[in-house]
Amino acid sequence: MCGIVGVVPSGVGGMDVAGFLLEALALQEYRGYDSAGIAVVDCDGGGVRRLAVSGRVAKLKEAARAGGFGGFGGGTVDAIAAGIGHTRWATHGAPTERNAHPILAGGGAAIVHNGIIENHDELRAELRGRGRRFRTQTDSEVIAHLFAEGLRAGGDSLRAMRSAAGKLRGAFAVAAIARGRGEIVCARRGSPLLVGEGEGTLFVSSDAPALGGAAKRVLHLADGDCALLRAGEKARIVSAGGRRAGRQWRQTGAARAAANLGGYRHFMKKEIAEQPQAAAAAMADFVGRTGGLRTGAFGGELLRAMRDCRSVNIVACGTSYHAAMTARYWVETLAGTPCRANVASEYRYRADPGAGGSLTVAVSQSGETADTIAAAAAAKEKGARLLAIVNESDSTLARDCGRALPMRAGMEVGVASTKAFTAQLTVLLLLALGIAKEKGTLSARVEKGIVASLRRLPELLRGSLLLEGVMRKWAGEIVSCHSGSLVIPAKAGIQTGGGGKGKAGLDSRFRGNDKVFNDGVLFIGRGGHYPLALEGALKLKEISYIHAEGCAAGELKHGTLALVDAHMPAVVLAPGGALAEKTAANAAEIAARGGRLYVLAAENCGARIAARKIARVDDGCEWISPIVFAPPLQLLAYYAAKIRGADIDKPRNLAKSVTVE
Ligand code: AGP
């Protein structure tokens, strides 16, 4: 999603400001965006210059090079006093060059904004009434005008920003520059923003990795803070109440290794392959070579919360929510404790009388998902104790929750979450075991068995990755039936275009070839594999753009079964265990209606499923089975997207870090 970066160099002319901004924008590309831009203040009282494009940072770099912007790409580096940059994920207004940030306002001010201004219509009308002219369709432009008005009224930048921020409703992180001022002023409420410092140079960013190690220390602004970054001075921070505030600086570790494809064509594929190591890292502190679960790794305070909680309440979005749904089975079965998995965007607006006395677990790869952060805050207000499970330890969610269990999956770049999902599942299973042990519901025999299976998990994941060839074949078949090789049965009564392209009155998919698209793929599972069916469908949708639906296998006959005909591929998740026969019966219901079954079955699944396509996987035991089943589904989606030529790592309309509501 949108990303902000800004820099105030320590000395005039010593730094290639435009070059830094462009590289920093490239480092935050993984967040997902559809336009990008930079703006700089020239030294010696110079004005503000802006450069923006619709599309990728590479295009922005090209434009900078072609126009000699700031000396980027050769030539003399311009003397620049401050600069800001932005990658925009469009919400209000199309992703055009004009709507891209930085956004200019009269008086030589420019702003970049992450978040959504909810009262922008109102403010726009007021500002228009005062003669301001709007250039963009964005909600953000009101901030630029309010800030410029504050400057014109003779206020300093900090006062102008505080006054603008005071009029905004909604979430924002904003940074601004203005003509003749060697400074950046910024503010945040409900959207993260940090300030960095390195050898006298000051930085602002929505995300530490964008600074690429240039900042030696960073501080995270608190909600309501404004900050002034001026060359040669220390960062000045003012709290929501208007007082000078001291926020805690943290040394930054070694710069995070730049994302590297390591010989793979796509990050998603690389990250799928990394799952055995990621799972091993996720459990390293809890599972040794011998013995049971090492509960000491949870820490005394968390152990107390685990023991005392009356219920477990998990909040998460997307793939992380699917991990949460699986965890529900584990917590309820192992610990005998009520557990709910909640979609964070819904939870934040629910009353939830059960929150008090719960351990609320916020699960998020990025730790920056706005809905999950807000859901955790809502639970805390109701008296819940919080725990974050995050891949990014220095994230807003980890800080807000005050307690975090790291997934340790390593940086995930592909928008489609893969290794973070299996790492989340691993940590959640450890948590369920820990709660059960603390509450005294875990027998030594069960503990020993599950921990022994966890030890085998990396090896089992390697085994399931070997299904790559089969998944590639299945993907080919699924794509071909999606892209229309099936003849419409005459009795269906659908008119075709009779061979003529462009005939009116007929869905364009049916024109010209007497063929019909299949409209989806079904994924079914039961128990801990039901959430995995949802995840398999989500993965396929998000990167291949083929519609897919996950369904609890037993729920099929209550509606979804109506979709099934000879054109419907159905992926059946069939582990062994108590539910195997039930799942087989549901698969038979699909087969009886001509549906094409693709069955992913555990080696020990004895149930008879009559299907032409069956792939077997050694899934260890029922507890870790959902983790081992995940990689083949990810590979199926990957190859479907590859065959269709989709942009696998950056699927359309999506972002890696979903920082707006
Ligand atoms: C996963 O493939 C998705 N891109 C998405 O559903 C993601 O899991 C969701 O946005 C939550 O993100 P988080 O884990 O960073 O909070």
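Predicted model, so just to flag it, every value in this text is computed and none were measured. (Residues numbered from 1 in each chain as written. Predicted model: local features only at pLDDT ≥ 70, side-chain atom pairs only at ≥ 80, totals over all residues. Heavy atoms only, no water.)

**Remarks on the overall build of the protein**
Logical step 1: For the protein, the helix and strand inventory stands at 18 helices and 26 strands.
Logical step 2: On the principal axes, the C-alpha backbone points of the protein span a range of 80 × 70 × 45 Å.
Logical step 3: In the protein, which comprises 661 residues, the share counted as buried stands at 57%.
Logical step 4: Across the protein, the fraction of contacts at a sequence separation of at least 24, relative to all contacts at a separation of at least 6, is 71%.
Logical step 5: Just so you have it, the protein exposes about 25,400 Å², and 49% of that area is on carbon and sulfur atoms.
Logical step 6: Measuring between centres, the 84 positive side-chain charges of the protein sit 1 Å from its 61 negative side-chain charges. (Helix = DSSP H or I, 4+ residues; strand = E, 2+ residues; numbered from the N terminus. Buried < 20%, exposed > 50% of the residue type's maximum accessible area, 1.4 Å probe, protein only. Contact = heavy atoms within 4.5 Å. Areas by Shrake-Rupley, 256 points an atom, 1.4 Å probe, with all protein chains shown as cover. Lys, Arg positive; Asp, Glu negative; His and termini not counted. Charge placed at Lys NZ, Arg CZ, Asp CG, Glu CD.)

**What about the pairing of strand β24 (residues 569-574)?**
Logical step 1: In terms of residue burial, β24 counts as a mostly covered element, since six of its six residues are buried.
Logical step 2: The two faces of β24 match: Pro-569, Val-571 and Leu-573 on one face and Ala-570, Val-572 and Ala-574 on the other face are all buried.
Logical step 3: As paired strands, β24 and strand β25 (residues 596-602) are joined by six bridges and run parallel to one another. Residue Leu-573 lies in a different strand from β25, and its bridge partner there is Leu-600.
Logical step 4: Taking the sense of rotation as the criterion, the β-α-β connection linking β24, helix α17 (residues 580-592) and β25 turns out right-handed. (Pairing = 2+ DSSP bridges. Right-handed = clockwise from strand over helix to strand, strands pointing away.)

**Notes on the site of the ligand**
Logical step 1: Close to the ligand lie 15 residues; Ser-320, Ser-364, Ser-366, Thr-369 and Glu-542 are nearest.
Logical step 2: Thr-369 is positioned such that a nitrogen or oxygen atom in its side chain is 2.5 Å from an oxygen atom of the ligand.
Logical step 3: Contact distances for the ligand include 2.8 Å between an oxygen atom and a backbone N or O atom of Ser-417.
Logical step 4: Within the complex, 91% of the 420 Å² of free accessible area of the ligand lies under protein. (Near = heavy atom within 4 Å. Polar contact = N/O pair within 3.5 Å; in protein donor to acceptor, adjacent residues only side chain to side chain.)

**Focus on empty space enclosed by the protein**
Logical step 1: All told, the structure shown has one cavity of 30 Å³ or more when counted by the stated rule.
Logical step 2: Counted as a void, the largest cavity has a volume near 60 Å³.
Logical step 3: Forming the walls of the largest cavity are Cys-2, Arg-88, Trp-89, Thr-91, His-101, His-113, Gly-115, Asp-139 and Ser-140.
Logical step 4: When the residues that make up the lining of the largest cavity are grouped by side-chain class, the tally is two nonpolar, five polar and two charged. (1 Å grid on protein atoms, 1.4 Å probe; cavity = no way out; pocket = protein on both sides within 12 Å on 5 of 7 lines; lining within 4 Å. Points joined across faces, edges and corners; volume = space filled by probe spheres on them. Nonpolar A, V, L, I, M, F, W, Y, C, P; charged D, E, K, R; others polar.)

**Looking at the environment of Leu-457**
Logical step 1: Structurally, the position occupied by Leu-457 is in helix α14 (residues 444-465).
Logical step 2: A relative accessible area of 0% places Leu-457 in the buried class.
Logical step 3: Along the primary structure Leu-457 and Ser-625 are separated by 168 residues, whereas in three dimensions their C-alpha atoms are 9.4 Å apart.
Logical step 4: The residues touching Leu-457, leaving out its near neighbours within four places in the chain, are Ala-279, Met-283, Thr-426, Ile-624, Ile-627 and Val-628.

**Considerations on the nonpolar core**
Logical step 1: Ranked by internal contacts, the top residues of the largest apolar core, which has 120 residues, are Trp-330, Leu-334, Leu-454 and Phe-523.
Logical step 2: Here this core gathers at least three residues from each of two domains, domain 2 (267-464) and domain 3 (468-496 + 510-643).
Logical step 3: Among the nonpolar cores identified, the runner-up in size contains 30 residues, and Ala-105, Val-142, Leu-158 and Ala-187 belong to it. (Core = buried A, V, L, I, M, F, W, Y, C linked by side-chain atoms within 4.5 Å. Domains from an automatic or database assignment.)

**As for the packing of aromatic side chains**
Logical step 1: A full pass over the atoms with the stated rule returns four aromatic pairs.
Logical step 2: Their ring planes at 45° and their centres at 5.3 Å tell us that Phe-20 and Phe-203 sit as a pair that is tilted. One end of the pair, Phe-20, is in helix α1 (residues 17-27); the other, Phe-203, is in strand β10 (residues 201-205), with 183 residues separating them in the sequence. Of the two residues, Phe-20 and Phe-203, both sit in the buried class.
Logical step 3: Over the face of the ring belonging to Trp-249 we find Arg-217, whose NZ or CZ atom lies 4.1 Å from the ring centre. (Phe/Tyr/Trp six-rings, centres within 6.5 Å; stacked < 30°, edge-to-face > 60°. Lys NZ or Arg CZ within 6 Å of the ring centre and 35° of its normal.)

**Re the domain arrangement of the protein**
Logical step 1: According to the domain assignment, the protein contains domain 1 (3-250), domain 2 (267-464) and domain 3 (468-496 + 510-643).
Logical step 2: Taking only C-alpha atoms, the centre of domain 1 and the centre of domain 3 are 47 Å apart.

**Considerations on the pattern of salt bridges**
Logical step 1: Under the defined criterion, the tally for this structure stands at 37 salt bridges.
Logical step 2: For Arg-230, the salt bridge is made with Glu-183, and the minimal N-O distance between the two is 2.8 Å. Here the residue Arg-230 occupies a position in strand β12 (residues 226-230), and Glu-183 occupies one in strand β8 (residues 183-189), the gap between them amounting to 47 residues.
Logical step 3: According to the relative accessible area criterion, Arg-230 is partly exposed, its value standing at 27%.
Logical step 4: One salt bridge in this structure joins Arg-188 and Asp-223, with 2.6 Å as the shortest N-O distance. Residue Arg-188 is found in strand β8, and its partner Asp-223 is found in the loop between β11 (217-220) and β12; the two are separated by 35 residues along the sequence.
Logical step 5: What makes Asp-223 partly exposed here is its relative accessible area of 44%.
Logical step 6: Among the charged side chains, a network of salt bridges with common partners joins Arg-181, Glu-183, Arg-230 and Glu-233. (Salt bridge = Lys/Arg side-chain N within 4 Å of Asp/Glu carboxyl O.)

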